[in-house]
Amino acid sequence: MTSVCGHVMSLDFISKFNNWDRVDPVELFTCTTEKKEATPKLRMNHTLAQEARGCDFLVLWLDCDKEGENICFEVINAVEGFLRRSVTVPDVVWRAHFSAITDKDIKEAMANLGKPNENEARSVDARQELDLRIGCAFTRYQTKFFQGKYGDLDASLISYGPCQTPTLGFCVQRHDEIQTFKPEPYWVLQVVVKTSEGREVSLEWDRVRCFEKEIAQMFLMQAKEFKETFCSKVSVKEKAKQRPQALNTVELMRVASSGLGMGPHHAMQIAERLYTQGYISYPRTETTHYPENFDLIGTLKQQQSSSEWGAEVRELLAKGINKPRKGTDVGDHPPITPMRSASQSELDGDAWRLYDYITRHFIGTLSQDCKYLSTTATFDMGSESFSCTGKTLLDPGYTVVMHWQALGKNETVPNFVEGQIYEVQDARLAECQTSPPDHLTESELITLMEKHGIGTDASIPVHINNICVRNYVSLGSGRRLIPTTLGTVLVHGYQKIDPELVLPTMRSAVEEQLNLIAAGRADFNAVLHHTTEIFKLKFQYFVKNIEGMDNLFEVSFSPIATTGKAHSRCGKCRRYMKYIQTKPSRLHCAHCDETLNLPQNGNIRIYKELRCPLDDFELLSWSAGNKGRSYPFCPYCYNNAPFRDMKKGMGCNSCTHPNCSQGMYSLGVSTCSECDGVMVLDPSSAPKWKLGCNKCDIIVHIFEDAHKITVEEATCDCGAQLVKVEYREDRSRLPKEATESTGCLFCFVDFIPLVEKHRAITRTVSNRAPRGRGGGGGGGRGRSKGKARPPKDKMAQLAAYFV
């Protein structure tokens with residue numbers, strides 16, 4: 001028995017098409033793609049292959065939806081050739097269908113094994129490829145185009161997504177309705193009558209409102225002629241407030257946002273955790289109808305000892321449950337239900353609130369409807385009619401447990417008698433104004449997305465989260481989504497060039513095609529080719545007419561040349577470049593008309609006014625704070641890797657220049673104990689000196705308050721470079737207050753108390769024990785884990801550099 005962690009494989013372009021600077025985005029519609037391990041560090045393919053050795057059968061227990069079917073075939077491909085028999089033999093591979101992690105569900109699934117559905121898996125492959133090609137092509141083009149022209153966009157990525165963009169379109173459409181709304185005055189005739197008990201009651205005008213003031217004044221004059229009003233009719237009807245249908249994912253997200261104040265993305269993360277802990281059934285389902293064989297009584301009995309709703313459950317069991325309302329059976333998973341009892345002490349705040357709602361909703365589906373009497377009294381005053389409506393509770397039904405839906409105390413109506421005359425206390429006109437709609441709430445947006453077929457129950461929260469984190473909308477009070485300037489301009493730009501890029505109709509049509517693949521009624525390659533060609537033509541038209549969107553950007557954002565402040569010198573023209581701090585932070589040389597990206601989410605400053613020996617640009621340093629990573633870097637090399645063994649986005653701590661005083665060969669001390677990186681001294685960190693791995697987040701604090709630290713040519717027996725430390729006389733931390741000493745950071749006894757290893761604050765702390773000597777580098781730079789040492793001979797270094 002083993003597990004996976006989400007998708008085993010992910011789809012990507014082959015490596016040469018991942019360079020934004022060298023690849024025309026239109027090529028992404030036709031270029032070669034490949035499946036890569038989704039998380040290489042997990043080595044999931046290797047693990048699955050090892051587990052499969054010597055096994056006769058493969059039983060797949062993945063989520064029972066399309067994504068789960070897709071992962072089934074990823075697992076099959078990983079174990080092919082390692083099982084005793086071929087996966088193509090009919091009785092080797094089996095599929096378990098289950099909805100909860102309980103004894104009953106697991107045993108029933110094992111007793112009724114089926115086969116994985118290849119058509120559903122292929123529909124997911126098609127969606128992944130279409131989203132990759134379409135999203136990357138548009139995103140790369142518009143990101144490079146607009147970030148190269150405007151300096152205050154405040155977004156590190158200007159992304160397009162076939163689902164994400166229509167989602168944003170809904171928010172902007174409502175925003176536009178608010179902006180263009182023109183309030184209009186209207187008048188309401190208000191009449192107050194006095195009951196026989198002396199209570200004053202306000203009646204509702206049957207005309208509701210009048211938009212002409214003169215006509216409204218006429219109605220008022222007529223009403224003022226009457227000192228009494230006649231109750232012409234009192235109607236009493238028994239009505240019911242229906243109990244809820246069984247709970248599915250979309251409804252759970254809606255309630256979490258509108259009622260519990262949780263974002264849909266956060267709510268689904270909590271629901272997934274409750275599921276894996278066995279508290280609820282599988283939380284991703286579109287079904288709102290309990291299967292015929294669902295054990296409603298058994299599930300309900302688990303809750304009868306609860307201190308929160310146990311009394312209601314026991315009473316419901318004694319009276320007998322009500323047959324649940326008929327919902328929709330999509331055929332994926334049963335509705336979301338509690339699978340075992342829990343108390344508030346077992347679960348933390350948000351987890352308990354979500355579990356509390358799911359359980360109360362389940363109990364509510366088995367309870368009686370809420371029954372009440374609806375009383376309407378009608379009054380006549382000349383030609384005008386007025387009414388008063390109220391409710392009288394008969395049976396609270398399901399609202400006992402779902403108390404937030406109970407009838408309000410002020411909804412009852414006075415005891416009016418038909419045919420009786422009542423005194424008119426007051427008649428007046430109230431002047432009001434029509435008001436614009438509010439911005440969409442997350443709950444309303446989820447409803448629109450479901451209605452128009454944008455996203456799935458699994459991806460809806462992801463799309464909403466994306467438009468928030470990418471600065472297209474901000475979250476207002478009441479979890480309302482307010483479009484930013486960038487989000488608004490983007491949508492208006494799409495509408496100006498090609499409205500279909502932002503309308504939900506395109507995505508709905510694609511989803512229909514994908515559903516046909518899943519049902520085995522459409523050819524995978526035909527759908528893929530047809531849809532890709534349509535979006536390729538749309539992309540080419542978009543590029544050709546980008547000026548239409550650019551005109552809107554010009555009005556809302558500042559040109560990059562006028563943004564930012566003078567910072568460091570350009571290595572080409574020796575003029576000062578502008579430092580643009582808004583996301584993504586960049587350097588811009590107005591003279592060379594060149595923009596250079598910088599490391600994000602940290603502090604950038606000039607580094608000792610030193611220059612890069614390769615291109616003459618002034619060096620900068622990036623720091624995430626005293627407890628975080630930091631390193632010096634050349635802004636030009638950061639964007640244009642100077643050597644083949646370097647990648648774009650590397651600092652001086654990864655530079656293989658043979659004799660640069662800031663490079664890896666000059667300041668590297670040892671290999672990292674956690675990865676294959678090198679621990680490099682960061683001179684910019686003084687006086688809180690530290691080494692940092694140039695690949696992972698391991699950092700080593702050393703010799704605080706030291707005056708100077710240098711990496712020596714000599715090496716220790718453990719393979720690490722020796723380090724020389726110098727202190728000022730009044731600040732020495734060395735034994736006997738020595739002012740300087742040389743030795744190995746990880747072996748020299750005098751140094752060990754002054755060396756402290758930990759992870760940078762940007763990552764989660766690991767519980768893994770450190771490898772290597774002294775809890776530090778764990779071996780020499782190049783020697784540990786079988787790596788060759790870098791050449792110490794200068795001529796050999798130069799030879800390697802030129803090769």
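Only a predicted model underlies this, so the values are computations on that prediction, with no experimental measurement involved.

Draft legend 1. Fine view of the nonpolar core. Judged by nonpolar contacts, the single largest core of 103 residues is most densely connected at Leu354 and Phe553. When residues no more than four places from it in sequence are discounted, the contact partners of Phe553 are Phe146, Tyr150, Leu153, Leu486, Val489 and Leu490. Of all hydrophobic cores here, the second largest spans 34 residues; its members include Leu681, Ile709, Cys718 and Phe746.

Draft legend 2. Local environment of the sheet that holds strand β17 (residues 603-611). Spatially, the 3 strands line up as an open sheet ordered β17-β18-β19, and their pairing is antiparallel. Each of the sheet's edge strands pairs with one partner strand only, and the pair in question is β17 and β19 (630-633). On average, each strand axis in the sheet is tilted by 25° relative to the strand beside it, whichever way the strands run. Pairing between strand β18 (residues 618-623) and β19: 4 bridges, direction antiparallel. By the bridge assignment for β19, Ser621 is matched with Pro632.

Draft legend 3. The arrangement of the packing of aromatic side chains in detail. Evaluated as defined, the whole model comprises 34 aromatic pairs. Relative to Phe539, the ring of Phe138 has its centre 5.2 Å away and its plane inclined at 90°; by these criteria the two rings are edge-to-face. In this pair, Phe138 is assigned in helix α4 (residues 118-147) and Phe539 in helix α16 (residues 524-544), connecting sequence segments 401 residues apart. Look at Phe539 and you get buried, because its relative accessible area is 2%. When the centroid spacing of 5.0 Å and the interplanar angle of 85° are considered together, the rings of Phe145 and Phe146 count as edge-to-face. Counting every residue linked through ring pairs, the aromatic cluster contains Phe29, Phe138, Tyr141, Phe145, Phe146, Tyr150, Tyr160, Tyr494, Phe539, Phe542, Phe553 and Phe557. When the ring centre of Tyr279 is taken as origin, the NZ or CZ atom of Arg340, which lies over that ring, is 4.0 Å away.

Draft legend 4. The arrangement of the pattern of salt bridges in detail. Taken as a whole, this structure holds 37 salt bridges when the rule is applied. A salt bridge links Arg479 to Glu442, with the nearest nitrogen and oxygen atoms 2.5 Å apart. Linking Arg479 in the loop between β11 (473-476) and β12 (480-483) with Glu442 in helix α12 (residues 442-452), this pair joins segments that are 37 residues apart in sequence. Using a relative accessible area of 3% as the deciding quantity, one classes Glu442 as buried. Overlapping salt bridges bring together Arg127, Asp131, Arg507 and Glu511 as one network.

Draft legend 5. The arrangement of helix α7 (residues 249-258) in detail. Within α7, 8 of the 10 residues are buried, leaving the element largely enclosed by the surrounding structure. For α7, every residue scored as buried is listed here: Thr249, Val250, Leu252, Met253, Arg254, Val255, Ala256 and Ser257. Next to the buried residues of α7 lie α8 (264-276), α11 (349-365), α12 and α13 (460-469).

Draft legend 6. Structural view of the packing of helix α15 (residues 504-518) against α16. In the contact formed by α15 and α16, the axes pass within 9 Å of each other and the chain directions differ by 165°. When the axis of α15 is compared with that of α16, the two are roughly antiparallel. For α15 against α16, the interelement crossing comes out left-handed. Counting all contacts with α15, which are made through Met506, Val510, Gln513 and Ile517, the residues of α16 involved are Phe524, Val527, Thr531, Ile534, Phe535 and Lys538. Class assignment for the residues of the contact of α15 with α16 results in 7 nonpolar, 2 polar and 1 charged.

Draft legend 7. Region of the structure containing the environment of Lys237. Note on placement: Lys237 falls in strand β7 (residues 228-241). Taking the relative accessible area as the measure of exposure, Lys237 reaches 55% and is therefore exposed. It is 5.2 Å that separates the C-alpha atoms of Lys237 and Ser374, two residues lying 137 residues apart in sequence.

Draft legend 8. Focus on the domain arrangement of the protein chain. For the protein chain, the assigned domains read domain 1 (9-116), domain 2 (126-181 + 440-557), domain 3 (185-242 + 371-433), domain 4 (249-367), domain 5 (563-657) and domain 6 (667-762). Distance from the C-alpha centre of domain 1 to the C-alpha centre of domain 4: 30 Å. With 11 residues of domain 1 at the interface, the matching set in domain 4 holds 10 residues. The contact between domain 1 and domain 4 buries some 870 Å² in all, and 54% of this surface belongs to carbon and sulfur atoms.

Draft legend 9. Region of interest: the environment of Pro291. Tracing the chain through its elements places Pro291 in the loop between α8 and α9 (296-301). Here the alpha-carbon distance between Pro291 and Gly453, two residues 162 residues apart in the chain, equals 25 Å. Once residues within four sequence positions are removed from consideration, Pro291 is found in contact with Pro334 and Pro335.

Draft legend 10. Layout of the packing of α7 against α8. α8 packs onto α7 with a crossing angle of 120° between their chain directions and a minimal axis gap of 9 Å. Taken together, the axis directions place α7 and α8 in an arrangement best described as oblique. The handedness of the crossing between α7 and α8 comes out as right-handed. Packed against α7, whose contacting residues are Thr249, Leu252, Met253 and Ala256, the element α8 presents Pro264, Ala267, Met268 and Ala271 at the interface. Partitioning the contact of α7 with α8 into residue classes produces 7 nonpolar, 1 polar and no charged.

Draft legend 11. Geometry of the sheet that holds strand β5 (residues 185-194). The strand order around the closed barrel formed by 6 strands is β5-β6-β9-β8-β7-β10, and the pairing between neighbours is antiparallel. On average, adjacent strands in this sheet sit at an angle of 40° to one another, irrespective of strand direction. In terms of strand pairing, strand β8 (residues 370-381) meets strand β9 (residues 384-395) through 11 bridges, oriented antiparallel. Following the sheet pairing, Thr378 is matched in β9 by Ser387.

Draft legend 12. Representation of unusual backbone geometry within the structure. Along the chain, Ala686 connects to Pro687 via a cis peptide bond; the corresponding omega equals 5°. The topology assignment puts Pro687 in the loop between β21 (678-682) and β22 (690-693). Of note, Asn601 is a non-glycine position whose phi angle comes to about 60°, a positive value. Structurally, Asn601 is set in the loop between β16 (594-597) and β17. Positive phi is not limited to glycine here, since Glu609 has a value of about 55°. Locating Glu609 in the fold gives a position in strand β17.

Basis of the calculations
- Starting from 1, residues in each chain are numbered consecutively following that chain's sequence as written.
- Given that the model is predicted, a residue must reach a pLDDT of at least 70 before its local features are reported, and side-chain atom pairs must reach 80 or more before they are shown or counted; all residues, however, enter totals for whole chains, interfaces and linings.
- As a rule here, side-chain values cover all heavy atoms of the structure and leave hydrogens and water aside.
- Nine residue types can take part in a nonpolar core, namely buried Ala, Val, Leu, Ile, Met, Phe, Trp, Tyr and Cys, and a core is a set of them joined through side-chain atoms within 4.5 Å.
- Note on exposure labels: buried denotes an accessible area under 20% of the residue type's maximum, exposed denotes more than 50%, and partly exposed covers the range between, all computed with a 1.4 Å probe on protein chains only.
- Any two residues whose heavy atoms approach within 4.5 Å at even a single point are treated as in contact.
- Should DSSP find at least two bridges between two strands, the strands are regarded as paired.
- Each helix corresponds to a stretch of at least 4 residues labelled H or I by DSSP, and each strand to a stretch of at least 2 residues labelled E; elements are numbered beginning at the N terminus.
- For every element, the axis is a line fit to its C-alpha atoms; helices are fit only across the contacting stretch, and the angle between N-to-C directions ranges from 0 to 180 degrees.
- Side-chain rings of Phe, Tyr and Trp (the six-membered ring for Trp) are treated as a pair once their centres are within 6.5 Å; stacked means planes under 30 degrees apart, edge-to-face means over 60, and tilted covers the remaining angles.
- Think of it as a cone above the ring: NZ of Lys or CZ of Arg counts as a charge over the ring if it is within 6 Å of the ring centre and within 35 degrees of the ring normal.
- One side-chain nitrogen of Lys or Arg within 4 Å of one carboxyl oxygen of Asp or Glu is enough to make a salt bridge.
- The scheme is simple: roughly parallel for angles under 35 degrees, roughly antiparallel for over 145, roughly perpendicular for 65 to 115, oblique for anything else.
- Handedness of a crossing is defined here by the sense of rotation of the near helix relative to the far one, left-handed for an anticlockwise turn of less than a right angle and right-handed for a clockwise turn.
- For this scheme, ten residues count as nonpolar: Ala, Val, Leu, Ile, Met, Phe, Trp, Tyr, Cys and Pro. Four count as charged, namely Asp, Glu, Lys and Arg, and the remainder, Gly too, count as polar.
- Bear in mind that the domain bounds are from an automatic or database domain assignment.
- Accessible area, probed at 1.4 Å, shrinks when two parts are joined; the buried area is that loss added up over both.

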